[in-house]
Amino acid sequence: MTDTTNSAGRDTFSRHGAETQRKGKLRHWLTLALLVYCLICAVSIVGDGFQLATGDYAEQLFAFAVNPFVGLMIGITATALIQSSSTVTSVIVGMVAGGLPVGLAVPMIMGANVGTTVTNTLVSLGHVKNKDEFRRAFAAATVHDFFNLLAVVILLPLEILFSPLERLAERIAVIFYGDSDLSMDNVNLIGQATQPITETIARALSSLPEAAGGIAMIIIGVALIFLAIRYIGMLLKTLMVGRARQIMLNAIGRGPVTGVISGALVTMLVQSSSTTTSLMVPMAGSGAFTLRQIYPFTIGSNLGTTMTALLAATAVTGSTALLALEIALVHLLFNLFAVLIIGGLPFLRLLPVKGAQWLGRTGAERKTLAAGWVLGVFIALPVSLIAVTVVAG
């Protein structure tokens with residue numbers, strides 16, 4: 001009798017626990033949906049605020065970024081400081097919606113791609129006490145740096161000369177939106193859903209002068225983007241990282257194509273290339289996987305992170321909807337062409353690996369070089385180039 005009673009009690013407790021777990025997951029998914037809504041509202045707020053603050057002077061405001069190298073440095077520095085390319089690219093989409101020319105935004109998008117690699121490089125510094133672990137971890141982290149820098153070296157000059165990414169993105173965007181003068185207000189359901197929030201904030205700030213109100217909207221929008229992406233990442237880690245980690249473990253070692261696809265998939269699941277690549281650094285440091293095994297997975301994460309900008313572009317309505325989608329597609333195409341060109345050409349394919357191996361060996365011997373790499377590439381060099389350009393201008 002006692003055993004039967006105890007068994008029934010355990011079953012009831014088990015059912016209650018499973019029910020609580022299901023309710024907890026449901027709350028997480030509902031919160032996630034609310035945060036995604038917050039993200040696309042925030043992008044719309046940034047766009048409206050940028051347009052209000054600059055009026056017809058957006059190009060003059062960003063005249064110092066006409067130099068594409070300065071735009072590149074702005075993207076690198078902003079992303080390195082915020083440690084989220086998703087945040088920076090979402091803000092850039094909002095700024096394009098508010099009047100920033102696409103041609104100025106393209107180098108910034110490329111810079112954001114480079115700046116996002118600082119996170120996993122910082123993670124590798126956690127292995128600094130063990131020389132062999134640090135060599136492997138630092139190489140695993142910086143292979144992402146070398147790949148993205150090589151992608152910029154190849155594609156930025158081509159973009160400056162011929163604008164292939166901008167032109168192709170425009171043609172693809174037109175397929176979805178048609179002529180850029182076509183208003184999408186009655187078609188873009190997401191844009192309509194966000195309109196009450198953006199209009200409420202605009203009315204709340206209407207007592208301010210036009211430029212000040214626009215700047216306030218930009219600040220509010222950027223803060224909301226930052227918070228939304230941060231908490232989206234935290235929730236997705238709770239919901240998906242276990243599954244994402246298993247995908248990663250199953251994919252590594254099965255070949256480069258599988259690695260790239262899996263890297264993109266995992267990053268889409270957790271909405272953070274920094275999370276994806278940072279998961280691999282300790283594994284490489286411990287010796288569980290080699291640098292060549294994790295390399296395809298790393299570059300696949302570049303593709304997965306482009307989904308955030310594409311999602312952000314859905315928040316934009318009206319005549320600038322085409323331009324917002326265009327810059328989001330530039331982000332996708334830049335990473336796709338980088339994978340195809342660098343991964344497809346044998347003489348380029350292993351350059352990032354060799355560079356990372358050299359830097360890993362050198363950094364393990366001279367720790368100050370490792371710190372200098374992080375501060376120099378992501379902060380000192382970009383800020384110096386921006387300052388020199390502004391002063392010279």
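Please read these numbers as outputs of a predicted model, since none were measured by experiment.

Parameters and conventions
Residues numbered from 1 in each chain as written. Predicted model: local features only at pLDDT ≥ 70, side-chain atom pairs only at ≥ 80, totals over all residues. Heavy atoms only, no water. Helix = DSSP H or I, 4+ residues; strand = E, 2+ residues; numbered from the N terminus. Buried < 20%, exposed > 50% of the residue type's maximum accessible area, 1.4 Å probe, protein only. Contact = heavy atoms within 4.5 Å. Areas by Shrake-Rupley, 256 points an atom, 1.4 Å probe, with all protein chains shown as cover. Axes fitted to C-alpha atoms, helices over the stretch in contact; angles between N-to-C directions. Parallel < 35°, antiparallel > 145°, perpendicular 65-115°, else oblique. Left-handed = near helix turned anticlockwise from the far one by under 90°. Nonpolar A, V, L, I, M, F, W, Y, C, P; charged D, E, K, R; others polar. Expected span 1.5 Å × (residues − 1). Core = buried A, V, L, I, M, F, W, Y, C linked by side-chain atoms within 4.5 Å. Polar contact = N/O pair within 3.5 Å; in protein donor to acceptor, adjacent residues only side chain to side chain. Patch = residues over 30% accessible without salt bridge, like charges linked within 9 Å, V, L, I, M, F, W, Y side chains within 5 Å. Salt bridge = Lys/Arg side-chain N within 4 Å of Asp/Glu carboxyl O. Phe/Tyr/Trp six-rings, centres within 6.5 Å; stacked < 30°, edge-to-face > 60°. pLDDT = per-residue confidence, 0-100.

Visitor: Honestly, the overall build of the chain in this entry has me stumped. Any pointers?
Guide: Within the chain one finds 18 helices and zero strands. Put simply, the chain has 393 residues, and 49% of those count as buried. Put simply, 82% of the contacts in the chain that link residues at least 6 apart link residues at least 24 apart. Looking at the chain as shown, the accessible area adds up to about 18300 Å², and 66% of this sits on carbon and sulfur atoms.

Visitor: Could you clarify how one ought to interpret the packing of helix H7 (residues 131-162) against helix H13 (residues 291-304) in this entry?
Guide: Each pair of packed helices can be described by the angle between their axes along with the distance between the axes. Here H7 crosses H13 at 50°, and the two axes come no closer than 10 Å. It follows from the interaxial angle that H7 and H13 lie oblique. H7 and H13 meet at a crossing whose hand is right-handed. Side by side, H7 and H13 meet where Ala-139, Ala-140, Val-143, His-144, Phe-147 and Asn-148 of the first sit next to Leu-291, Ile-294, Tyr-295, Thr-298, Ile-299, Ser-301 and Asn-302 of the second. Split by residue class, the contact of H7 with H13 holds eight nonpolar, five polar and no charged.

Visitor: Even after reading the chapter, I still don't get H13, so can you show me in this structure?
Guide: Note: α-helices contain 3.6 residues per turn, so residues at a spacing of three or four share the same orientation. For H13, with 14 residues, the first-to-last C-alpha span of 20 Å sits near the 20 Å given by 1.5 Å per residue. Counting buried positions over the 14 residues of H13 gives 12, a clear majority of the element. By the burial criterion, the buried members of H13 are Leu-291, Ile-294, Tyr-295, Pro-296, Phe-297, Thr-298, Ile-299, Gly-300, Ser-301, Asn-302, Leu-303 and Gly-304.

Visitor: For this particular structure, what's the right way to read the environment of Phe-147?
Guide: Checked against the element boundaries, Phe-147 lands in helix H7. Overall, Phe-147 belongs to the buried group, its relative accessible area being 1%. Residues Phe-147 and Ala-356 lie 209 residues apart in sequence; the distance between their C-alpha atoms is 9.4 Å. Not counting residues up to four positions away in its chain, the partners in contact with Phe-147 are Tyr-295, Ile-299, Asn-302, Ala-338, Val-339, Ile-342 and Pro-352.

Visitor: Explain the nonpolar core here, please?
Guide: Considering soluble globular proteins, one finds that nonpolar side chains tend to be buried as a cluster. Counting residues in each nonpolar core, the largest one holds 84 residues, and the members touching the most others are Ile-92, Val-93, Met-110, Ile-327 and Phe-378. Counting residues per element, this core draws most heavily on helix H15 (residues 321-344), at 13 residues. Formed by five residues, the second largest nonpolar core is a distinct cluster that contains Ile-45, Ile-201, Leu-205 and Ala-216.

Visitor: Looking at this structure, I do not really get the side chain of Thr-306. What am I missing?
Guide: Relative to the helices and strands, Thr-306 resides in the loop between H13 and helix H14 (307-313). Residue class for Thr-306 comes out buried when judged on its relative accessible area of 0%. From its side chain, Thr-306 meets the backbone oxygen of Leu-303 in a polar contact 2.6 Å long. If sequence neighbours within four positions are ignored, Thr-306 has contacts with His-331, Leu-332 and Asn-335.

Visitor: Can you walk me through a nonpolar patch on the surface in this structure?
Guide: Among the surface-exposed residues, Leu-81, Ile-82, Phe-226, Leu-227, Tyr-231 and Met-234 lie close enough to one another that they form a single nonpolar patch of about 540 Å² accessible area. Put simply, the parts of the chain that give the nonpolar patch at least two residues each are helix H3 (68-82) and helix H10 (210-251). At four residues, the largest contribution of residues to the nonpolar patch is made by H10. You can see Leu-81 is positioned in helix H3. Overall, the relative accessible area of 61% leaves Leu-81 in the exposed class.

Visitor: What is the right way to read the side chain of Thr-142 from this model?
Guide: Topologically, Thr-142 is positioned in helix H7. The buried category is assigned to Thr-142, whose relative accessible area is 0%. With residues near it in sequence (within four places) discarded, Thr-142 still touches Thr-121, Ala-356, Leu-359 and Trp-373.

Visitor: In this structure, what is going on with the packing of aromatic side chains? I would like to understand it.
Guide: We describe a pair of aromatic rings using the distance from one ring centre to the other and the angle between the two ring planes. The full count for this structure, using the stated rule, is three aromatic pairs. Residues Phe-134 and Phe-138 carry aromatic rings whose centres are separated by 5.2 Å and whose planes lie at 20° to one another, so their mutual orientation is stacked. With Phe-134 and Phe-138 both in helix H7 and four residues apart, the pair spans about one turn of that helix. Taking the centre distance of 5.4 Å and the plane angle of 25° together, the rings of Phe-146 and Trp-373 count as stacked.

Visitor: I tried to follow the confidence of the model for the chain on my own but got confused; where do I start?
Guide: Low-pLDDT stretches of the model should not have their predicted coordinates read in fine detail. Residue-level pLDDT values for the chain average 79, and 78% of them are 70 or greater. Across the chain, the element-wise mean pLDDT spans from 47 in helix H2 (residues 58-61) up to 94 in helix H17 (residues 351-365). Here residues 179-188 is a poorly scored stretch, pLDDT under 50, and it has 16 contacts once near neighbours within four places are set aside; other chains count.

Visitor: In this structure, what is going on with the packing of helix H5 (residues 102-115) against H15? I would like to understand it.
Guide: Across the interface, H5 lies against H15 with an axial gap of 10 Å and an inter-helix angle of 40°. What the angle tells us is that H5 and H15 run oblique. Crossing of H5 over H15 shows right-handed handedness. Of the residues in H15, those in contact with Val-102, Ala-105, Val-106, Ile-109, Met-110 and Asn-113 of H5 are Leu-323, Glu-326, Ile-327, Val-330, His-331, Phe-334 and Asn-335. Of the residues belonging to the contact of H5 with H15, the class tally is nine nonpolar, three polar and one charged.

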